[in-house]
Structures are given as structure tokens and as C-alpha cells.
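# Descriptive analysis of the structure
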Amino acid sequence: MTTPALLPLSGRRIPTLSPGAASFPHHRATLRLSEKFILLLILSAFITLCFGAFFFLPDNSKHKRFDLGLEDVLIPHIEAPKGAKHPGGQVVIHGQGGHDEHRHREEEESLRDKIRVDHERALQEAKEKLRKSRDELRAEIQTEKSKVVEDLKKKKEVPKPLPPVPMPKVVGVNDGDSVEPDVKEKRDKIREMMKHAWDSYRQYGWGHNELKPLAKKGHSTNIFGNSQMGATIVDALDSLYMMGLHDEFKDGQEWIEQNLDFSVNAEVSVFEVNIRFIGGLLAAYYLSGQEVFKVKAVQLAEKLLPAFNTPTGIPWAMVNLKSGVGRNWGWASAGSSILAEFGTLHMEFVHLTYLTGNPAYYQKVMHIRKLLAKMDRPNGLYPNYLNPRTGRWGQHHTSVGGLGDSFYEYLLKAWLMSDKTDTEARKTYDDAIEAIERHLIRKSNGGLTFIGEWKNGHLERKMGHLTCFAGGMFALGADGSPDDKAGHYLQLGAEIAHTCHESYDRTVLKLGPEAFKFDSGLEAVAVRQNEKYYILRPEVIETYWYMWRFTHDPKYRQWGWEAAQAIDKYCRVSGGFSGVKDVYSSNPTYDDVQQSFFLAETLKYLYLLFSSDDLMPLESWVFNTEAHPLPVLHLKDGGCVQLL
């Protein structure tokens, strides 16, 4: 049996088989349309004949009239005449028995005549169809299908217009050019890498969720169900816009306008769809002002709301976009929901309430926060698993990496996005970080600061690539820390950045492994074979960018450029960029997946690293966990009332 590995995603923890594992479509045997059509005609003619025969039987006073009494169902508000039973029973009105019997006979005779005519017409049509050639039948069927499709389009409900809301003053979207020639050259190189990734997807995987760059075809994973939702298109839009790739942006916008449809029978990850699709669409809307992105984001959000229909209000991990039925991952502890999934909705849902005027989105995420505030936390730590039926913690496993990470990130960013007015979020973040420092953060024998994982009272001295985002988080949250600890948290962020750089530097490819240990004489090195892969993840580069913004220490640009060169050298192929299976091998094999987050996050953070601080200033923008920027909001009394 294959041991599941963590899904190769940023801020997302869903087990799957080995990276790049393929999924297979379901097949159903079907009759050819022409045969089905002929069978349907013959069957309808037969049924018509049977009903006609029933009414052609000789009238007999012993036979009671067949009265279905449908009035009871269709028009129950109409009262029966005085002296009569309610419609549906035997109607008896004094002095009118003979007249009624005569009227009934006339009605039945008229009905027989109508059925006879319909029956003859159906038989004639069937004979005419049977005389036609297969090509003629096929053409007729195609015409009928087209007519049905058009009718369905016409019948589709026109969405309610969204309330007019003021657009934010967009700050720092097209700036960022560096005056230093070498920095500008590196920035241009990152833009070229983005164009190669996008053009390859455009050529080989257009409309699919992701790309297989070696096989040169589309790719998808179970987080998107069986649907082709163009995840790479939505995820990449804001990166394209920031980099000035406006023709590519327009191509993506056109695809979304014409093809992005959420009324599909697909079971998707609520978390992934929220951070990639809703986050990506909202960011594209705020950057470009194009209404289509806002409309699509709201349409999708409405499809996610049924996931919250649980006894506790903690959402299911997955929801079917068509039926609204939700469930949790089969591997999760005791049927639990995941902390990093239900705890990573706040930013997007607050913006949805602002844009729609619908308080439901804000209420859903605030309910989650209130519920968590009432719960006991072992050692002040939040376990990664919570049962949505019972409201109880599952396995006591706490991590700032997989399964937990973005929960803490969104507490801090909820405060920042509220223009630092959501003090409840800030206090919750500070308390959580204090417990994490006490129980999870340690120094190795070699002096490397790392964040371990707490499992049933034991600290596992292992750190994941996903955990490396925390260096940037500590730096971002330094200002506003309690007890004048801003300097302490900025230093902690620098130490985490250094440790994660070491995990890159100690490999052959100068790319970081999925996870690395700090025991048995090994430090910042992967031990297991299934932890040696690199799948184009962004977390280390994300931390470099935040540390650069807050310190302007040139080493962060140097480290970022090392990573960019390694990606371009070892992950670039003719059909895009691929992850590699062993960063300690000089001749690695590819996993043949170009992740959508590579365009959304990794390349965006590299581009920002070599741009000036004027591009996307952190005073005006907050990045969601998929690196989609959302503008700072003013909040008042739990409602979104004004944008900066």
C-alpha cells in the first residue's frame, strides 16, 4: 500500500499519492444518439396507443369515472360549491345529476378524439423518421440538442446585480522599477520565467487546472474534483497584471468570461477553491476594476456556503458545487475538519461581505473564531483536527507547517486587513505565537532555530518547507507585538529565514526539500526519500521577500536569486517548469507537474523581491495565503463600511 504524502500545495494539506500522480476519468457506456432517438419514438408511440385503447373501450355505467382529484394538489385554495364535497371526491349537486352525466360523456368523447388524433400523428412521425438516413437523423438530433442548449441558456437565472460599492484607491500596482541595472536585469529574468510558464500552459494545458510540462498536456488533482476550472488561469491573473503582461492577462480574462462555470457536478476542496479562486478573482478585480472577476467570485462563494451546514458551523473540507453535499477527508483524524482549512477563510469572506452587502460570509468566519475561543487548548496550542459534528478536538497534533500554518497567518492578517482595528484577532495571534514559542521553537546543536511539531505531548524535531513561511509571518507581525517585542520577532523571522536557506544550501541542486530534520547529527537535511522532493514551493522565497521589505538586508535578494537560478536550471523544461523528486541528486527525475501556485506565489514573490517597495506597499495591501493581494479595509461593528 502506498503511503500518502502531503499534497504538493502551499498552505494546503491534503494527502494524495506521490507527487504528479494522475487521476483517471470515469467512463460510461452509452448508446449512440440516433439509436436512442428511434427507440424513444417507438416507445412514445406504444404508450400513446395503450392510453388510446383504454379510452376506446365501450362506455359502461358500471365503470366509475376515473377521477384523480388533482384539484386538491394544484388549486387547494379554491373552496367546493355549497352542497358539494371538496373537489376530488364525488361531486353531487342536487337537481343536476342527469346534466352532469351528459356533460361527462361529452368530455370523454372529446378526449378520445384528441388522443386518436395525437396517436395517428405520432405514428406518422415515427414512420417518417424511420425512412430517413442515418446522416439526416444525426443532423436532426444535433439541431434538437442545440435548441435545448439555447433554451437552457435563456432560462438561466439572471444573477442579482451586486450593490454598488466604492473601489479602493489602487496604490502601487504598476510601479516597482529599480534604478539599479543589475536588480532590473534580475527582475526582467523573473518576468521571462513567468512568460515561459504561462505560454507553455497556454499552449499545452489551456483550460485545465494545471500543466504536465513534460507530457505537454493538462493535469488536475483531487482538490478540484473532476472539473476543468482553469485553476492556473485564475491563480496567475494578478501576477500577470503586476508584471505588466497585459496581453496574457486579457487572454485569461476572456477565458474566465466565456468558460468559467461553477454549476458543475464536482466535489472540490473548500479551502483550496477559496484561496486560489475566490482570492485570485478578488485580487484581479481590485487590481483591474473588471466587474467579471467580482461577479464570478460571488457566484463561487455562494456554492461554498452549504459546506457550513454542520452541527457546529465548522465547514466540511469538501463540497459538491452542484448538490451542496459536504464531507471530510477520509484520512483526517476521526472525521475531523482541518485547522488550516476552516481557519483560512477570513480574509476572502470579509471582502465578500463588503462587496455583496451579504453579512452571511462575515458571520460564518466570525462564528468559527468565537467557537475556537471557547474551547480548551492543550498547553495553549491549537490541535490540527476538529470534529465538525461534536465540536471536539481530534488527535492532539499541532503544527505551524502542514495542517496548521495558514490559520495563524490569517489571525495576523485579519488584524492588518482591518487597518489594525480587529484587536481580537491580534490578541488571538499573540497568544498562539507565545504558546508556539514555548513548546515548538528550539535551537539545534549547530545553532539553527527551527519550529518542530507537537504530537501527543512529544516534540518532533522536524520542520517542513511549508513551515518556512513563518519567518515572514513573524516579521510582518513584529510591529504591534506586546511588551515591546518587535525587535525580538524581527530577529526570530531572520533566524527562521537563515535555517530555511540552510535547507536549500545543503542540497546538490540548491533547492529545498519538502521536510528536514534536526537530530542524529543531521541538521536541515531530509532523511526519508519521500521528503527529498521540491515541487516549486514558494514559502522560503516568501520569507526572503518579507525580510527584505522590513530590513533591506541585501543577503535576502542574494538568497532569492540563488533560488531563482536553481529553479531555472533544474526545473525548467521545454514545456514549462516541473518539480524534481530528489534535490540531493545531481541527475534528478521530474514529477511532471507545473503547480498553479508556482505562477501565483513563487514567481510573484521573486518578482516583488527585485522590485522597489512602491510595488504593492504593505500599508495598503495584505496578501492571502496564495499570495493574492487584497486591500486593507476599515471595519466597524462587524461590518465592512469603508475601503482605504
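Residues numbered from 1 in each chain as written. Predicted model: local features only at pLDDT ≥ 70, side-chain atom pairs only at ≥ 80, totals over all residues. Heavy atoms only, no water.

- Per an unreviewed UniProt entry, the chain goes by alpha-1,2-Mannosidase and derives from Hucho hucho.
- Recorded in UniProt under Sequence similarities (unreviewed entry), the annotation for the chain is "Belongs to the glycosyl hydrolase 47 family."
- The record held by UniProt for the chain lists under Pathway (unreviewed entry) the comment "Protein modification; protein glycosylation." (UniProt positions renumbered as here; feature names shortened; annotations may be inferred.)

## As for the sheet that holds strand E14 (residues 458-460)
- Judged by pairing direction, the sheet is antiparallel, and its three strands sit side by side in the order E10-E13-E14 without closing on themselves. Taken across any chain shown, the strands that pair with only one partner, and hence form the sheet edges, are strand E10 (397-398) and E14.
- Note: E10 against strand E13 (residues 453-455), two bridges, orientation antiparallel. By the bridge assignment, Thr398 is partnered in E13 with Trp454. (Pairing = 2+ DSSP bridges. Helix = DSSP H or I, 4+ residues; strand = E, 2+ residues; numbered from the N terminus.)

## A few points about the pattern of salt bridges
- One pass over the full model with this rule turns up 31 salt bridges.
- When the shortest N-O distance is used, the salt bridge between Lys413 and Glu409 registers 2.7 Å. Linking Lys413 with Glu409, this pair stays in helix H13 (residues 405-417), spanning four residues, or about one helical turn. (Salt bridge = Lys/Arg side-chain N within 4 Å of Asp/Glu carboxyl O.)

## Examining the sheet that holds strand E6 (residues 318-320)
- If you walk across this open sheet you meet the three strands as E5-E6-E7, and the pairing is antiparallel. This sheet does not close on itself; its edge strands, each paired only once, are strand E5 (267-269) and strand E7 (326-327).
- Examined bridge by bridge, E5 and E6 share three bridges and lie antiparallel to one another. When the bridges of E6 are listed, Val268 appears paired with Val319.
- Helix H8 (residues 270-288) contacts E5 and E6 of the sheet and is inclined by roughly 65° relative to E5. (Contact = heavy atoms within 4.5 Å. Axes fitted to C-alpha atoms, helices over the stretch in contact; angles between N-to-C directions.)

## Considerations on the packing of aromatic side chains
- Evaluated as defined, the whole model comprises 25 aromatic pairs.
- With a centroid separation of 5.6 Å and 55° between ring planes, the pair formed by Tyr544 and Trp559 is classed as tilted. Taken together, the positions of Tyr544 in helix H17 (residues 539-551) and Trp559 in helix H18 (residues 554-570) put the pair 15 residues apart, joining distant regions of the chain.
- Look at Trp559 and you get buried, because its relative accessible area is 9%.
- Through a chain of ring-to-ring contacts, the aromatic side chains of Tyr382, Trp393, Phe407 and Tyr408 assemble into a single cluster.
- The ring of Trp206 carries Arg202 above its face, with NZ or CZ at 4.0 Å from the centroid.
- Its guanidinium or amino end placed over the ring of Trp415, Arg426 lies 4.6 Å from that ring's centre, counting from NZ or CZ. (Phe/Tyr/Trp six-rings, centres within 6.5 Å; stacked < 30°, edge-to-face > 60°. Buried < 20%, exposed > 50% of the residue type's maximum accessible area, 1.4 Å probe, protein only. Lys NZ or Arg CZ within 6 Å of the ring centre and 35° of its normal.)

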